[in-house]
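Architecture at a glance
Next come the chains, spelled out residue by residue.
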Amino acid sequence: VRDEITIRFTGEAELPEENLIFTEIMYHAAAPGGEFVEIHNRASSTSFDLTGYQIEGIGFDFEEATVIGPGEYLVVVRDRDAFSETYGSSIRIAGEYAGLLDNGGEKLRLVRNERDGSETVVGETFYDDESPWPVSADGMGPSLQLIDSEEPDNRIGNWGTVEGTFEVPEAQTLLEYDSQWRFNQTGEVPSNWMAMDFGDASWAQGRGLLEQRLGRQ
């Protein structure tokens, strides 16, 4: 006698392409060897196996069976000992990268190597050390940190600077804010952009951002 049970999932699948994001970049640390990149899984109930994943730009391949759980953060560091000495030992480290974070800015891509030899870009972002990017992240102590993890991590206005990190035990809603804004990411804003009849239809649109200068460990 054999019983068979068929399970059908009717919910919406949480995909890595929609939930794995870059949330913090320390590209020019004041402490020697303190550079790192942080990845966040913003999925509510899905863990992702990072076997076969790599971060292009810093030459890092995730070890086999590296799993990032829902809501979890992990970091890839330049020097494990220097990182732990500077930021503490409670932060999960996925490994050390072989390359360097360019102090002048560069693009970072989270890539998955498929079985057929192709590559899938799961996520990508970029940074720079010149305005409109926060220039204080260039060796002055602060890191670049994503302001709102529900908004794109490749939007310049969604990055701020954070000096120091500490534990934020639980997220709390202080203010409901869902205003939609137009934003320009080129750094070349027309001189008449404040005019009442200025046409901004070609600019990208997204939720307005309220920056919080809070760290996280």
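Described below are features of the structure shown in this document. (Residues numbered from 1 in each chain as written. Predicted model: local features only at pLDDT ≥ 70, side-chain atom pairs only at ≥ 80, totals over all residues. Heavy atoms only, no water.)

Digging into the overall build of the protein chain
- Counting its secondary structure elements, the protein chain contains two helices and 14 strands.
- Counting every position in the protein chain, which comprises 217 residues, the buried fraction comes to 37%.
- In the protein chain, the share of contacts with a sequence separation of at least 24, taken over all contacts with a separation of at least 6, comes to 58%.
- On the protein chain, roughly 13100 Å² of surface is accessible, and the fraction owed to carbon and sulfur atoms is 46%. (Helix = DSSP H or I, 4+ residues; strand = E, 2+ residues; numbered from the N terminus. Buried < 20%, exposed > 50% of the residue type's maximum accessible area, 1.4 Å probe, protein only. Contact = heavy atoms within 4.5 Å. Areas by Shrake-Rupley, 256 points an atom, 1.4 Å probe, with all protein chains shown as cover.)

Observations concerning the pairing of strand E12 (residues 159–162)
- Along E12, one buried face is formed by Trp159 and Thr161 and the opposite face, lined by Gly160 and Val162, is buried too.
- Both strand E11 (residues 143–146) and E12 contribute to a ladder of four bridges, which runs antiparallel. The residue of E12 that forms the bridge with Gln145 is Gly160. (Pairing = 2+ DSSP bridges.)

Brief notes about the sheet that holds strand E2 (residues 36–41)
- Strand order in the open sheet formed by six strands is E8-E7-E2-E1-E11-E12, and the pairing between neighbours is mixed. If you trace the sheet from one side to the other, it starts and ends with strand E8 (93–96) and E12, each paired once. For this sheet, the mean inter-axis angle between neighbouring strands, taken without regard to orientation, is 25 degrees.
- Strand direction decides the pairing type here: strand E7 (residues 73–77) and E8, joined by three bridges, are parallel. Across the sheet, Val75 pairs through a bridge with Ile93, a residue of E8. (Axes fitted to C-alpha atoms, helices over the stretch in contact; angles between N-to-C directions.)

Observations concerning the pairing of E2
- In terms of burial, E2 is a largely internal element, six of the six residues being buried.
- By the bridge criterion, six bridges tie strand E1 (residues 20–26) to E2 in an arrangement that is antiparallel. When the bridges of E2 are listed, Glu24 appears paired with Glu38.
- Relative to E7, E2 is paired through five bridges, and the arrangement is antiparallel. The residue of E7 that forms the bridge with Ile39 is Leu74.

Here's the deal with the nonpolar core
- Counting 31 residues, the largest nonpolar core has Ile55, Ile58 and Phe62 as the members making the most contacts within it.
- Among the secondary structure elements, those contributing two or more residues to this core are E1, E2, strand E4 (53–56), E7, strand E9 (105–113), strand E10 (119–128) and E11.
- At four residues, the largest contribution of residues to this core is made by E1.
- Among all residues touching Ile58, those that are not within four sequence positions of it are Val37, Val76, Tyr97, Ala98, Gly99, Leu100, Leu101 and Leu108.
- By size, the runner-up hydrophobic cluster in this structure holds nine residues, among which are Met26, Ala29, Val75 and Phe83. (Core = buried A, V, L, I, M, F, W, Y, C linked by side-chain atoms within 4.5 Å.)

Some points on the sheet that holds E9
- Taken together, the four strands give an open sheet; going across it, the order is E5-E4-E9-E10, and neighbouring strands pair in antiparallel fashion. On the outer flanks of this sheet lie strand E5 (60–61) and E10, each paired with one strand and no other.
- Bridge count for E4 against E5 is two bridges, and the pairing is antiparallel. Note that in E5 the partner of Ile55 across the bridge is Phe60.

A few points about unusual backbone geometry
- Here the residue pair Ser131 and Pro132 is connected by a cis peptide bond, since its omega of 15 degrees sits within 30 degrees of zero.
- When you line up the elements, Pro132 lands in the loop between E10 and E11.
- The phi dihedral of Ala65 falls on the positive side, at around 70 degrees, and the residue is not glycine.
- You can see Ala65 is positioned in the loop between E5 and strand E6 (67–68).
- The exposed category is assigned to Ala65, whose relative accessible area is 56%.

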